[in-house]
Amino acid sequence: MRKKRHKQLGTAAVLLAALLTLSGCGTSFGTSGEPVSRQVIAMTTVMNLKAYGKNAEKGLDDGEKEINRLDKLLSVGSDTSEVSKLNAAGGGTVSSDLDTLLQKSLSVYRSTGGAFDITVYPLMKLWGFTEVYSESGELDQDKKRDIPTASAIAQTLQNVGADKLSYDAEMKRLSLPAGTQIDFGGIAKGYTSQRIVDIMKKDGVTAGNIELGGNVQVFGKKPDGSPWTIGLTDPNKTSRTMGVLTLTEGRAVVTSGGYERYITGKDGKKYHHILDPKTGYPADGGIKSVTIVCKDGTTADALSTAMFVLGKKKAVAYWKNHAKDFEMILLDDDNTLWVTSGLKGQVESTRYTMKTIKRGKA
Ligand code: ADP
Ligand code: MG
């Protein structure tokens with residue numbers, strides 16, 4: 001109906017729409033080519049959802065509901081979340097969301113030799129990250145804090161290791177030994193964006209851009225046919241981009257880096273929040289940031305954290321062994337921007353020297 005009128009009115013309507021867009025009037029442009037958008041703050045992250053098409057508003061409503069539902073389920077900051085209850089009780093029967101998350105987490109744990117490990121949570125607490133990034137708290141990450149002693153880290157490490165979990169996928173029953181606790185912080189946002197995309201597609205949203213902090217997921221074709229462009233944050237100066245990724249098809253684009261969330265020690269050094277489960281210290285593998293591009297948001301998120309932990313050399317080797325599953329963009333400590341061959345021609349950077357990672361034997 002609306003479409004028809006639009007056609008009849010011709011140039012005048014187009015001009016009016018352009019004027020309205022320029023003046024920022026109105027919000028419901030879902031059908032006229034412009035997206036409708038919404039900002040949600042959850043999971044200590046500023047989230048921006050954009051949806052196109054006539055069901056865009058419904059998509060946003062359902063997307064927002066899904067964020068709040070998953071936040072309630074997964075937040076370790078709340079005693080009443082499913083994850084917190086499992087941690088307190090040493091396990092239990094899990095929901096289907098947690099079943100999916102557990103299976104994915106354990107599979108990436110195994111394939112990365114333990115780099116991705118949801119049992120690092122006791123270490124996160126020891127380092128104080130949970131305090132700094134409490135649900136409502138300010139991110140006072142520049143305040144100088146005591147960092148844990150080597151012996152406290154060694155002691156806590158005894159409870160770390162996803163091989164200590166036992167999970168019966170058939171019965172959906174998880175059991176945790178005393179002292180072992182889990183947290184889906186390294187995968188939750190990717191799962192959330194994947195869920196939102198699935199829901200929006202079901203709602204009949206024709207295209208969308210889901211941005212949950214450093215997690216981006218796009219789907220569908222924009223009404224004007226233009227490709228998706230995604231700015232890649234420059235770890236050396238987070239207010240600018242180091243490059244742009246162009247996508248013509250739906251993908252999840254998830255970045256992990258040491259630059260955004262960290263604490264400052266009394267020694268003045270910054271300690272970031274991605275921990276190497278082998279050492280108990282922040283991972284230090286020669287990577288400033290790593291971006292995973294793949295079809296599934298959950299996988300992209302787990303892999304971004306895992307590749308950061310593996311470090312440059314092992315991450316490249318891992319990609320070579322799994323090149324059909326994902327692509328990768330990596331800024332190393334020498335500021336070389338490495339891009340896997342499947343993204344050839346899709347990444348532009350005027351700031352850093354780009355090099356291609358080619359397929360082949362690892
Ligand atoms: P962000 O949350 O900033 O998008 P990541 O996806 O890399 O970044 O997730 C980092 C979070 O993952 C940490 O805050 C912590 O909750 C959790 N985490 C830290 N180290 C690991 C690890 N080695 N394996 C799995 N999860 C981790
Ligand atoms: Mg991650």
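This one's a predicted model, so the numbers in the text were calculated from it and none came from an experiment. (Residues numbered from 1 in each chain as written. Chains lettered and ligands numbered in written order. Predicted model: local features only at pLDDT ≥ 70, side-chain atom pairs only at ≥ 80, totals over all residues. Heavy atoms only, no water.)

## Thoughts on the UniProt feature "binding site: Mg(2+)" (unreviewed entry) in the protein chain
Next up, step 1: With numbering matched to this structure, UniProt assigns "binding site: Mg(2+)" (unreviewed entry) to G186, D301 and T305. The largest pairwise C-alpha distance within this set of annotated residues, which runs over 120 residues, is 6.6 Å, so the set is compact in three dimensions.
Next up, step 2: The exposure class assigned to D301 is buried, which follows from its relative accessible area of 4%.
Next up, step 3: With near-sequence residues (within four places) excluded, D301 lies in contact with G186, I187, A188, K189, G190, N215 and V254. (UniProt positions renumbered as here; feature names shortened; annotations may be inferred. Buried < 20%, exposed > 50% of the residue type's maximum accessible area, 1.4 Å probe, protein only. Contact = heavy atoms within 4.5 Å.)

## Topic: the coordination of the magnesium ion (ligand 2)
Next up, step 1: Looking at the magnesium ion (ligand 2), the protein donor atoms are G186 (O), D301 (O), D301 (OD) and T305 (OG1), and they sit 2.0 to 2.5 Å from it.
Next up, step 2: Expressed as a motif, the donor residue spacing for the magnesium ion (ligand 2) is G-x114-D-x3-T. Highlighted residues: D301 and T305, both in helix 10 (residues 297–310), separated by four residues, approximately one helical turn. No difference in accessibility class separates D301 from T305, as the two residues are buried. (Donors = N, O, S within 2.8 Å, 3.2 Å for Na, K, Ca; no water. Helix = DSSP H or I, 4+ residues; strand = E, 2+ residues; numbered from the N terminus.)

## Comments concerning the environment of N321
Next up, step 1: Within the fold, N321 resides in helix 11 (residues 312–321).
Next up, step 2: Taking the C-alpha atoms as reference points, N321 and G360, separated by 39 residues in sequence, lie 8.3 Å from one another.

## A short note on the nonpolar core
Next up, step 1: Ranked by size, the top nonpolar core spans 67 residues in total, and within it L74, L174, F184, M200, M307 and M328 carry the most contacts.
Next up, step 2: Looking at this core, the element that brings in the most residues is helix 10, giving eight residues.
Next up, step 3: Those residues in contact with M307, other than ones at most four positions away along the chain, are T112, I287, V290, I292, A315, Y318 and M328.
Next up, step 4: Counting residues in hydrophobic clusters, the runner-up holds 19 residues, among them Y52, V218, V339 and L343. (Core = buried A, V, L, I, M, F, W, Y, C linked by side-chain atoms within 4.5 Å.)

## As for the site of ligand 1
Next up, step 1: Near ligand 1 lie 18 residues; those nearest to it are D117, S256, H273, L275 and T305.
Next up, step 2: One nitrogen or oxygen atom from the main chain of D117 is found 2.8 Å from a nitrogen atom belonging to ligand 1.
Next up, step 3: Note that a nitrogen atom of ligand 1 is positioned 2.8 Å from one of the backbone N or O atoms of L275.
Next up, step 4: Its free accessible area being 570 Å², ligand 1 has 92% of it covered by the protein chains.
Next up, step 5: Looking at the shell around ligand 1 residue by residue, the classes come out as eight nonpolar, six polar and four charged. (Near = heavy atom within 4 Å. Polar contact = N/O pair within 3.5 Å; in protein donor to acceptor, adjacent residues only side chain to side chain. Areas by Shrake-Rupley, 256 points an atom, 1.4 Å probe, with all protein chains shown as cover. Nonpolar A, V, L, I, M, F, W, Y, C, P; charged D, E, K, R; others polar.)

## Here's the deal with the environment of R359
Next up, step 1: Along the chain, R359 turns up in the segment after strand 18 (353–357).
Next up, step 2: Judged by its relative accessible area of 55%, R359 is exposed.
Next up, step 3: Apart from residues lying up to four places away in sequence, R359 is in contact with W319, K320, A323, K324 and S341.

## Considerations on the environment of D62
Next up, step 1: In this structure, D62 sits in helix 3 (residues 56–74).
Next up, step 2: Considering only alpha carbons, one finds D62 and D203, 141 residues apart in sequence, at a separation of 8.5 Å.
Next up, step 3: Leave out the neighbours within four places in its chain, and D62 touches I199 and D203.

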